[in-house]
Amino acid sequence: MINIFGLAIGIAACLLILQYVRFELSYDNFHEKSDRIFRVQQDRFNEGKISTQWAAGAAGIGLAAKQEIPEVESFAKLTKTGGVLNYDNKKFREEKMYFANDDFLPMFSYTVVKGKSRGALAEPNTAAITVSAAKKYFGSEDPLGKTISRNKREVYKITAVVSDMPVNTHLKFDVLLSFATFVKLTSPEAETKFDWDGFYTYLLLKPGSDPKTVETKIAKLVEKRIGAGMKQTNEAVVYHLQPVRDIHLYSNYMMEAEVNGNGKSVSFLLIISIFIIVIAWINYINLSTARALDRAREVGIRKVMGSYRFQLIRQFLLESFLINLFAVILAFLLVIISLPLFNSLTGKEISFSLLSDGKFWLALSVIFIGGTFLSGLYPAFVLSSFKPIEVLKGKLVKTKHGSLLRQSLVIIQFAASVALMVGTYSVYSQLQYMQKQDLGVQIDQTLVLRGPNVTDSTYEDKLNAFKTALLRVPSIRKVSASTEVPGHKVGWNAGGIRLVGSDPGKSNQYRIIGIDYDFIESYGLKILKGRNFSEQYGTDPNAVIFNEAAVKLMGFTRLEDALNKRIEFWGDTYTIIGVVTNHHQESLRAAYDAHIFRLIPDSDNYYSIKLQQADISWTGIIKIAEINWTKFFPGNPFEYFFLDEHFQEQYKADRQFGKTFGLFAVLAIVVACLGLFGLASFVTTQRTKEIGIRKISGASIPNILLLLTKDFLNPILISFVIATPITYYLLRQWLENYAFKININPWMFIIPALIILSIALITVSMKAIKAATANPVKSLRTE
């Protein structure tokens, strides 16, 4: 039963993790041309050092590559947008909306259920929508040919309906607007400019083309187009081609279309799956070889009766086959039962359709057949090698070789268990550290409203009236408008910013946050030097406030040195009037960004409502805010979120990884302890007479316990020594993902080691105490 349950748990855990890993690796594999599709990723350098890395790049890179590089078959270009779409009194704010060129749909294998992929986005004011979006706006009506408005200003004709996005794609959209419309709304330069960033570009290479060769040609192209200007400002731009299938796991740059996965986390889970199945197989080998003496007479009699060695090997392999078969059947049932729980744990949508997947059954077959031979072969050869005369005369003795092998396997088992327990403890510690760290900004008691998209020339007056109406509520302390709120990377990135009169080569990129007069006080940002924006100063529209990181990037060694200095910003001049503390704009994975705060009182991205005290109910506040919203901003959906919950969403993937890692680490330890319990049972049984003689000779119960447990504790202690340096290295690798992280200290290894040692000691002691307290007379009478 120990063998079957241990193997079943190991196989089930291994299969679940393998399905998860397979799902993570399946992103964007469904595109027929996925092996030839590459995203153009942009790195920007300043003074020879990398300053920013972007998932999006220049507006003109795709067209230029298509025109000048023969290996490029076509290019797709997108840029994200937003707004409120209206149709027949139905209005919804769309977050997953892009302007896309006409090559996008033909390049990717999204199923077009109505209309055609080629030509759907060729003309201005055309749009393609998903099936879900079509149902949301048009119900049962045929959407083709109908028009939909954006922000009550632009009108788009529906030319195609696309199937909903599969879960396993790095780019998900609900609405695509033709890029020709974007050019019409902005400038023809949106097709050609190399200093206008924020555009996702995908290249479809011709069959047989080498992406490295294309990268080299792109570098020459960039040098030809903007090389001279870059040298004047001491800047550089480098483009890399990312295989579309690698983006989900190995890309975490600015402006990613979606929150991507983590290749290292997937690798760690794959290691766990290997650990668990190996631990289960080791259990079988250990228990089978430990039972060798019990089965010695059986082997001797079979050989005397004429059995050949290969027949005995076949018999023992058949036993291994049957035990693995029962374990596989039980594991199969465990996978079916636990799949919904596993999905909720990982946040993925791995369905029961995996049971109809040939690769699932292939993995199951490999584990089954591999397990049968790997776990059964060595015991089969050991048991079949016994000499019948020695066995039947009772002259068979235990060999040091067999004992050494079992101890070595126990060391491997518990070295893996220690590594997993240390990993679990470290993941938990890092998560707690991130969630409890002072953010440098007050996000509690904050209700954030998404700003209106449908506005007119009276917007600023309406905003001020909206604020005034809310501030009449006694429980509301502040209302502030801004272009950003904490919880994600600042989207407004500006390059070329430098001190007035300084060398253009000294310019840098900064993240710009537009705020009103109340933002800094509302969010509790501490002013270290200078002052806040104030309506008493008429020059503040031409003033800025730096954070500490921005001051350092500008080259000042002391904060006060930055005060009253003037900077050039996109052709305008601004004066630095204050310096505030750094704050965590996003999760602690990211380092402090260089932020510049600009006074934009009529910002329309977010409105932050701050309460006076913590014990006030939000229900009434939300109702009041909605009534006033409808009054001042009609035609805009009322959408809100709580900032603390919004901020914590950044750690969702870390929490899921921690829970998943922890669960399977516990399963690995359970399987290892099952084997240890079985091994202790057999060893104790074999030493029954010895224990009886020792008790008659005066040995105490503690003496007997020490005798029985020390043979198991020694290899466990050795496993700690082996696991520690390996785990330390892996832990350092994992923590490299975080800009702010825990310090690796001895207690991170000591505490998990003590937990495992205690579990192992309890496991062995359960049998040792029973043997030590047994009547020695009964012990001596046993065969």
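Residues numbered from 1 in each chain as written. Predicted model: local features only at pLDDT ≥ 70, side-chain atom pairs only at ≥ 80, totals over all residues. Heavy atoms only, no water.

Brief notes about unusual backbone geometry
Applied cut-off: Think of it this way: any DSSP run of H or I at least four residues long counts as a helix, any run of E at least two long counts as a strand, and we number them from the N terminus. Under the scheme applied here, a residue whose accessible area is under 20% of the maximum for its type counts as buried, over 50% as exposed, and between as partly exposed, the area being computed with a 1.4 Å probe on protein chains only.
Of note, Asn-89 is a non-glycine position whose phi angle comes to about 70 degrees, a positive value. With respect to the helices and strands, Asn-89 occurs in the loop between β4 (72-87) and β5 (90-100). By relative accessible area, which is 76% here, Asn-89 ends up exposed. Unusually for a residue other than glycine, Asn-125 sits at a positive phi of about 60 degrees. Counting through the fold element by element, Asn-125 comes out in the loop between β6 (112-115) and β7 (126-130).

Considering a nonpolar patch on the surface
Applied cut-off: Patch criteria: residues need more than 30% relative accessible area and no salt bridge. Like-charged residues are merged within 9 Å; nonpolar side chains of Val, Leu, Ile, Met, Phe, Trp and Tyr are merged within 5 Å. Methods summary: accessible areas were calculated by the Shrake-Rupley approach with a probe of 1.4 Å, and residue burial reflects only the protein chains presented. A carboxyl oxygen of Asp or Glu within 4 Å of a side-chain nitrogen of Lys or Arg is what we treat as a salt bridge.
A grouping of Leu-318, Phe-321, Leu-322, Phe-326, Ile-329, Leu-333 and Ile-337 is seen on the molecular surface, where their side chains present a nonpolar patch of about 670 Å² in accessible area. Relative accessible area serves as the criterion here: at 37%, Leu-322 is assigned to the partly exposed category.

Remarks on the nonpolar core
Our working definition: In this description, a nonpolar core means a group of buried Ala, Val, Leu, Ile, Met, Phe, Trp, Tyr and Cys residues linked to one another through side-chain atoms lying within 4.5 Å. A contact between two residues is defined here by any heavy atoms of the two lying within 4.5 Å.
Grouped together as the largest cluster of nonpolar side chains are 101 residues, with contacts concentrated most on Ile-11 and Phe-597. In contact with Ile-11, other than residues within four places in its own chain, are Ile-277, Ala-327, Val-328, Ala-331, Leu-364 and Ile-367. Listed in part, the 27 residues of the second largest apolar core include Ala-76, Met-107, Leu-121 and Ala-128.

Brief notes about the pattern of salt bridges
Enumeration over the complete set of coordinates arrives at 32 salt bridges. The salt bridge partner of Glu-68 is Lys-224, with a shortest N-O separation of 2.7 Å. Of the two residues, Glu-68 sits in helix α2 (residues 61-68) while Lys-224 sits in helix α6 (residues 211-232), which places them 156 residues apart along the sequence. The partly exposed category is assigned to Glu-68, whose relative accessible area is 34%. Overlapping salt bridges, with partners in common, bring together Arg-93, Glu-95, Arg-450 and Glu-639 in one network.

What to know about the pairing of strand β11 (residues 197-205)
To keep it simple, the criterion reads: Only when DSSP finds a minimum of two bridges between them are two strands counted as paired.
Most of β11 is tucked away, with eight of its nine residues classed as buried. Of the pairings in the sheet, the one linking strand β1 (residues 37-46) to β11 comprises three bridges and is antiparallel in character. Bridge assignment links Phe-38 to a residue of β11, and that residue is Leu-203. In terms of strand pairing, strand β3 (residues 57-58) meets β11 through two bridges, oriented antiparallel. Looking at β11, one finds that Gly-57 is bridged to Phe-199. As defined by bridge partners, β4 adjoins β11 across six bridges and the pair is classed as antiparallel.

Quick notes on the packing of helix α1 (residues 2-25) against helix α10 (residues 309-346)
Helices that pack against each other are described as a pair by the angle of their axes relative to one another and the distance between those axes. Where we set the bar: Axes here refer to lines fitted to C-alpha atoms; in helices the fit is confined to the stretch in contact. Angles between the N-to-C directions go from 0 to 180 degrees. Note that the term roughly parallel is reserved for angles under 35 degrees, roughly antiparallel for angles over 145, roughly perpendicular for angles of 65 to 115, and oblique for everything else. Two helices cross in a left-handed way if the nearer one is turned anticlockwise from the farther one by less than a right angle. They cross in a right-handed way if the turn is clockwise. Nonpolar residues are Ala, Val, Leu, Ile, Met, Phe, Trp, Tyr, Cys and Pro. Charged residues are Asp, Glu, Lys and Arg, and all others, Gly as well, are polar.
Look at α1 against α10: their axes get within 7 Å of each other, and the N-to-C directions meet at 45 degrees. Put simply, α1 runs oblique to α10. Handedness of the crossing formed by α1 with α10: right-handed. Each residue belonging to the contact of α1 with α10 can be placed in one class, and the counts come to 21 nonpolar, four polar and no charged.

Read these as geometric descriptors, not functional statements.
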